[in-house]
Amino acid sequence: MNWKSGLRPVCVGAPQVNLKIGVAVRQMIDLDEPNQRMKINLWIRLKWNDCSLQWSPSDFNDTEYIVVPISRIWTPDLTLYDSLTTGMYGMDKYRALVYSDGSIHYNFPTIIEVICPIDVTSFPFDTQICSLKFGSWVYHGHQLDIQPSQSPIDLSSMKSNVEWHIPNIEVEKNVVTYGCCPEPYPDVTFYIHIERKPAYYVTNIIIPSIMITSIGVLCFLLPVDSGEKASLVIMITLAMSVFQLLVADKLPPSAEATPWIMFFFNFILGMSAITTTIQVAVINIYYRGEKEVPEWIKKGIIVPLCLMMFVKIPGNPSSTCCNEVFICSILYNS
């Protein structure tokens, strides 16, 4: 064998090194939504051919392969684009399998952290897509071609995460020509689909907020002199504000997408404000004592309501309703 570990292998009839890549997901560690970053544990699987490392097994006691430190052979400068850390941990720390035909298999575990744009429109029933883009930083496509391996995705050894689940990963090869260089630069991108497990948020936020909102209807059934009509509505408003803050703390400050659940909270807060205003008006009228109802309220509010509800208005023969409702009579004759 005649080779130098620091030089890219150039073989007769094959000046281009073909690198095949696959990933096995070990565990989804974290998806930091406010900072839009993903942390994941992967096993990277690489395969390429180095013609300068070929030998005849019969000349070496039928040795089909050897195990060598990765630092002793040439390795492609595989780079993870959009990485938030320097380098790729484990890339230069393990050993590779070198076969007699020159093929090299190198598998190593690593923990990577990348940028992942978050779309929270359907929170907490959302699915995020984070991409892992692998390519060479120095070698262009005429020197190093990168492509997915025959089985590029392995989820069989994945451990579960308490909040996230990875149901699927898609892989795609791209060839890009950048503004700096005329040569093409190939890359392989893995699109990781991440589904949120909504049980925690349904149990601790959605169901309690719906129950608290339903209690708000009871404020219309409370007697005015109980003194609890307005305080009940205010309590509901404060509770919904707390739930809204809990949800907002989990989401990125994005102006592009607003979760539907935030619209729900804002709607409930708006209805609570209207209900509070109505209750204050009712209490104010109740404690004013017996006073004559203004004429404009009779004609503008009481009469139209009685007509819409088919209630007979005292002194109005045009009313077609046969029954007379006591409350309408009292209000109109006040």
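Before reading further, recall that the structure is shown in the block above.
Residues numbered from 1 in each chain as written. Predicted model: local features only at pLDDT ≥ 70, side-chain atom pairs only at ≥ 80, totals over all residues. Heavy atoms only, no water.

Requested: an account of helix H1 (residues 199-215), with residues and values cited.
If you check H1, its first and last C-alpha atoms are 23 Å apart, about what 17 residues at 1.5 Å a residue would give, namely 24 Å. The largest bend in H1 is about 25 degrees, located at Ile206, with the proline Pro208 one to four residues further on. Along H1, the residues that are buried comprise Tyr201, Ile205, Ile206 and Ser209. (Helix = DSSP H or I, 4+ residues; strand = E, 2+ residues; numbered from the N terminus. Expected span 1.5 Å × (residues − 1). Bend = angle between axes of the 7 residues up to and from the residue. Buried < 20%, exposed > 50% of the residue type's maximum accessible area, 1.4 Å probe, protein only.)

Can you tell me about the state of the cysteines, naming the residues and giving the values?
What we call a disulfide is simply a covalent bond connecting the sulfur atoms of a pair of cysteines. For the structure shown, the criterion picks out one disulfide. One disulfide in the model links Cys116 with Cys130; its S-S distance is 1.8 Å. On the sign convention where negative is left-handed, the bridge of Cys116 and Cys130, at about -75 degrees about the S-S bond, is left-handed. Of this pair, Cys116 sits in the loop between strand E6 (103-115) and strand E7 (127-136) while Cys130 sits in strand E7, and the two are 14 residues apart along the sequence. (Disulfide = S-S within 2.5 Å.)

Lay out a nonpolar patch on the surface with the relevant residues and their values.
A cluster of nonpolar side chains, Phe220, Phe267, Met271, Ile274, Ile278 and Val282, forms an exposed patch at the surface whose accessible area comes to about 560 Å². Relative to the helices and strands, Phe220 resides in the loop between H1 and helix H2 (229-250). (Patch = residues over 30% accessible without salt bridge, like charges linked within 9 Å, V, L, I, M, F, W, Y side chains within 5 Å. Areas by Shrake-Rupley, 256 points an atom, 1.4 Å probe, with all protein chains shown as cover. Salt bridge = Lys/Arg side-chain N within 4 Å of Asp/Glu carboxyl O.)

Explain H2 to me, and be specific about the residues and the numbers.
Across its 22 residues, H2 extends 33 Å between first and last C-alpha, which sits within 8% of the 32 Å expected from 1.5 Å per residue. Taken together, the buried positions of H2 are Lys229, Ala230, Leu232, Val233, Ile236, Met240, Phe243, Gln244 and Val247. Looking down the long axis of H2, one finds its buried residues gathered within 160 degrees of arc, a one-sided arrangement. Looking at H2, the residues exposed on the side facing more than 90 degrees away from the buried face are Leu238, Leu245 and Asp249. Where H2 is buried, its residues contact H1 and helix H3 (260-286). (Arc of directions from axis to C-beta. Contact = heavy atoms within 4.5 Å.)

Before we move on, could you go through the pattern of salt bridges and cite the residues and values that matter?
Taken as a whole and assessed by the stated rule, the structure comprises seven salt bridges. Salt-bridge contacts for Glu33 lead to Arg196; the nearest nitrogen and oxygen are separated by 2.3 Å. Separated by 163 residues along the polypeptide, Glu33 in the loop between strand E1 (17-32) and strand E2 (37-49) and Arg196 in strand E10 (residues 185-196) bring together distant segments of the chain. With relative accessibility at 1%, the residue Glu33 sits in the buried group. Across the salt bridge formed by Lys173 and Asp145, the nearest N and O atoms sit 2.9 Å from each other. Remark: Asp145 occurs in strand E8 (residues 144-154) and Lys173 occurs in strand E9 (residues 164-176); sequence separation between them is 28 residues. Looking at Lys173, the relative accessible area reads 37%, which means it is partly exposed. Among the ionic contacts, a cluster of salt bridges with common partners joins Glu33, Asp126, Glu163 and Arg196.

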